[in-house]
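Chain by chain, the residues:
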Amino acid sequence: MVGGLWLVLVAAGGYVAWLDYQVRSQFEGKRWSVPATVYARPLELYPGLALSRDGLLAELDAAGYRPAAGGQRPGTWAQDGDRLRLTTRAFGYWDGREPARTLALRFADGRLQSLRDPDSGEPVDLARLDPATIGAIAPTRREDRLLVQLDDVPVSLIGALLAVEDRRFHRHFGVSPSGIARAAMANIRAGRIVQGGSTLTQQLVKNLFLTGEQTFTRKVNEAIMAVLLELRYDKRDILETYLNEVFIAQDGDRSVHGFGLAAQYFFGEPLDALRIDQQALLVAMIKGPSYYNPRRNPERARQRRNLVLGVMADTGVIEADVARTARQRPLDVLEQRRQPRHDYPAFMDLVQRHLQRDYRREDLQSEGLRVFSTLAPTVQHAAEEAVTHRLDRSGDALEAAVVMLDLDAGEVSALVGGRDPGFAGFNRALDARRPIGSLIKPAVYLAALERPAAWGLGSVLDDTPLRIEDERGNEWAPRNFDGEFRGDVLLVDALAHSYNIPAVRLGQEIGVNAVTSLVRRLGQNAPRRAYPSYMLGTAELSPMEVAGMYQVFANQGFSTPLRSVRAVTDAAGEPLRRYRLSTERVVDPEPMYLLNHALGEVMREGTGRNARATLPAGMTVAGKTGTTNDYRDSWFAGFSGDTLGVVWLGRDDNAGIGLTGSSGALGIWADALSATAVRGFQPTRPEGVKPLWIDQDTGARSHQSCSGSRELPYVVDHAPEEWTECGRRSGDDNGGGGGLLQRWFGD
């Protein structure tokens, strides 16, 4: 008998020890998997910023701001014509926390004309708009929360929680016999389960360690583990854990846990900014998150909230008159918003690839990291709208990809991975490596222009039939797109009109290796051994890689590694890593300026000229079209002074689409750029470059007064040696400056 009793005691002790191990290992270890939160770039406001009122409203909408009378509450705005009043939300950035502030803004001519403090009237030099949340890096189990510390939780909310859920919290040891007795009596009188006797600690144990099944075994385990938890940890730790763990709402396939995220989800506010009635509503929902959901069952939620307010007044958490006033307030919850993490799948894919260089995937999914990305919501929406609009009437098989860059910051501002921007499938912007066609030609011409003694924009190239035979005797005869031959053409025109034969001849003369070497300097891979057809774009690159190559042109010879992430902090806001802007010159300024002049000519008179009908009047841009064999790929890459865009159109099965770069991708590019770019491309002319007048037909030096003369930039000391007769008679004053160059690019 005694032996049997000892055996039972040993078994019971062992079982309790095992439960204790479970409590310690899970409570002291990682209690939650908190997904990394990814933010868009914060918009910086300052007087003179090129930003329209509607542009700012689009940014505010993306960031979850809403209109409200006066615009004086954090996260609200009010409009009066071209004047706007808004109040930002307090936010912790990677470089410090900024408080909420009210701002008065005035817009005119597409710019922010003034930025002031509306109370003092003092001008504000710079203000940051808290960024939109654009997604989360979550595990399969999409449990989300925004961690809060106990000291940051309003005392009134804690008071409401304890008054409603566990008034003896600070006096019991994990379980409350009196509470259990009261619940039992109430249930017996009602003849059904109407009241639970679980303490807040027991609720936490059930949520963290157990299931929701109603069995005797589970209840016993819950009670034992609650006592163990109270023995091991203090009340503050248990309460803080509860505040972050409790389930409050379901948002699609994401479950909203904890008061911190619930405050953002229902009110768009940080927890410490909630009013008393809002705090009461969140506490009210714990009893039945679905049953008392204020969006689906507003009247039921209002009644439950008012009940909680009454309890708060009865227990002294708030004064009775405060409760009366709070009962009169509307629920004031935000409308259900589309879940942000599904909005930008292509860009989120880029962010995750970037982060996986420095972070383990499990850390990204569980450590609550805060990721500050470079996505600009207005640019992203413009790119998506351009794709959707232009492909609306096309066949379903036609796909698209878009990359947009902020050239000033060296950042990826938008990414579209397919014709359905919200579909998280094959990311063509990053993974679709396709022949780039004539997009390679600027590299061919730049390799030549780096040899100014031999080549200039006015050099004459041969556009006559060409046959090339390889070492095996195979013959290749390239043709121009229109099948025509034009005899002598100037180098600048050959690029502007994308003639094939002059490009191949030029590449043959400078050597294919010179071109592939330059492509590597532009940051892209190139084959060790390339064939003459390489000059016509047989190289396969993704739209992102093309953007990496063309950003060197747009940055006037400087290479800038593209960023999609600015900084990462831990869950508490402590900086972990910053990704700073870096640049390196890879092309000398003189040949770079000459090439950009030719790329500008593409848009003025060449294959990109149709974009002028869409772009803002007077905006100077540069770029290049690309089309591959049998119209399989339609490309365009181009830039203004502040924005670069690359667009690809094609089919996944590599079938022809019947579009050239000019008739396909160019339209999307022009739509997107016209909605976002604010500064024309006006490169600074290097001191080593001067404008000269040359003859349009022969490339010989001429004079402004001579018929057929044309002004082109040349590297100093490398002007054409030959003169036209008219030019020689008119003297060697070539009238530098004040001509077309200045009108096109400025000085």
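Anything mentioned here points back to the structure above.
Residues numbered from 1 in each chain as written. Predicted model: local features only at pLDDT ≥ 70, side-chain atom pairs only at ≥ 80, totals over all residues. Heavy atoms only, no water.

> Honestly, the packing of helix α5 (residues 200–209) against helix α7 (residues 235–245) in this entry has me stumped. Any pointers?
Geometry of a packed helix pair, given as the angle between the helix axes and the separation of the axes. Between α5 and α7, the shortest axis-to-axis distance is 10 Å and the interhelical angle comes to 55 degrees. The orientation of α5 with respect to α7, classified from their angle, is oblique. Crossing hand, α5 versus α7: left-handed. Residues Leu 200, Thr 201, Gln 203, Leu 204, Asn 207 and Leu 208 of α5 touch α7, and the partners they reach there are Ile 238, Leu 239, Thr 241, Tyr 242 and Glu 245. Of the residues contributing to the contact of α5 with α7, the split by class is 6 nonpolar, 4 polar and 1 charged. (Axes fitted to C-alpha atoms, helices over the stretch in contact; angles between N-to-C directions. Helix = DSSP H or I, 4+ residues; strand = E, 2+ residues; numbered from the N terminus. Parallel < 35°, antiparallel > 145°, perpendicular 65-115°, else oblique. Left-handed = near helix turned anticlockwise from the far one by under 90°. Contact = heavy atoms within 4.5 Å. Nonpolar A, V, L, I, M, F, W, Y, C, P; charged D, E, K, R; others polar.)

> Please explain the sheet that holds strand β12 (residues 143–145) as it appears in this structure.
Taken together, 3 strands build an open sheet; the order of strands is β12-β14-β13 and the sheet is mixed. Looking at strand neighbours, the two that pair on one side only are β12 and β13 (247–251), the edges of this open sheet. Taken over all neighbouring pairs, the strand axes of this sheet differ in orientation by 30 degrees on average, direction set aside. Relative to strand β14 (residues 254–257), β13 is paired through 4 bridges, and the arrangement is antiparallel. (Pairing = 2+ DSSP bridges.)

> I keep staring at the nonpolar core and nothing clicks. Help me out?
Generally speaking, soluble globular proteins have nonpolar side chains that are buried together. In terms of nonpolar packing, the biggest core is built from 145 residues, with Leu 45, Leu 56, Leu 105, Leu 415, Tyr 445, Phe 639 and Trp 669 touching the most fellow members. Not counting residues within four places of it along the chain, the set of residues in contact with Trp 669 comprises Met 603, Ala 611, Leu 615, Val 621, Phe 636, Gly 638, Phe 639, Gly 645 and Val 647. Counting residues in each nonpolar core, the second largest holds 56 residues, with Leu 162, Tyr 242, Ile 248 and Ala 263 among its members. (Core = buried A, V, L, I, M, F, W, Y, C linked by side-chain atoms within 4.5 Å. Buried < 20%, exposed > 50% of the residue type's maximum accessible area, 1.4 Å probe, protein only.)

> What should I look at first to understand the packing of aromatic side chains in this one?
Aromatic ring pairs: the centre-centre distance and the angle between the two ring planes describe each pair. The full count for this structure, using the stated rule, is 12 aromatic pairs. Ring centres 6.4 Å apart and planes at 85 degrees place the aromatic pair Tyr 93 and Trp 94 in the edge-to-face group. Trp 94 carries the same exposure label as Tyr 93, and that label is buried. Pairing Tyr 550 with Phe 553 gives two aromatic rings, centres 4.9 Å apart and planes at 70 degrees, and the pair type is edge-to-face. Remark: Phe 553 and Tyr 550 occur in helix α20 (residues 543–554); sequence separation between them is 3 residues, near one turn of the helix. Overall, Tyr 550 belongs to the buried group, its relative accessible area being 0%. Owing to a relative accessible area of 0%, Phe 553 belongs among the buried residues under this scheme. Within the aromatic cluster, the residues linked to one another by ring pairs are Tyr 39, Phe 91, Tyr 93, Trp 94 and Phe 372. The aromatic ring of Tyr 291 is capped on one face by Arg 300, whose charged end is 3.9 Å from the ring centroid. A cation over a ring is seen here: Arg 304 above Tyr 292, with NZ or CZ 5.7 Å from the ring centre. (Phe/Tyr/Trp six-rings, centres within 6.5 Å; stacked < 30°, edge-to-face > 60°. Lys NZ or Arg CZ within 6 Å of the ring centre and 35° of its normal.)

> Can you walk me through helix α3 (residues 155–165) in this structure?
Because each turn of an α-helix spans 3.6 residues, side chains separated by three or four positions end up pointing in the same direction. Most of α3 sits out of view: 9 of its 11 residues are buried. Among all positions of α3, only Ser 156, Leu 157, Ile 158, Gly 159, Ala 160, Leu 161, Leu 162, Ala 163 and Glu 165 are buried. The elements touched by buried residues of α3 are α5, α7, α8 (258–267), α9 (276–285) and α10 (298–314).

> Help me understand the pattern of salt bridges, please; the structure alone is not making it clear to me.
Pairing between side chains of opposite charge can happen when their charged atoms approach one another. This structure, assessed with the given rule, holds 37 salt bridges. Between Arg 434 and Asp 633 there is a salt bridge, with its nearest N and O atoms 3.1 Å apart. Separated by 199 residues along the polypeptide, Arg 434 in strand β18 (residues 434–435) and Asp 633 in strand β29 (residues 633–639) bring together distant segments of the chain. For Asp 633, a relative accessible area of 1% gives the class buried. Bridged by salt links that share partners, the residues Arg 275, Asp 277, Arg 329 and Asp 332 form one connected network. (Salt bridge = Lys/Arg side-chain N within 4 Å of Asp/Glu carboxyl O.)

Keep in mind that these numbers describe shape and distance, not what the molecule does.
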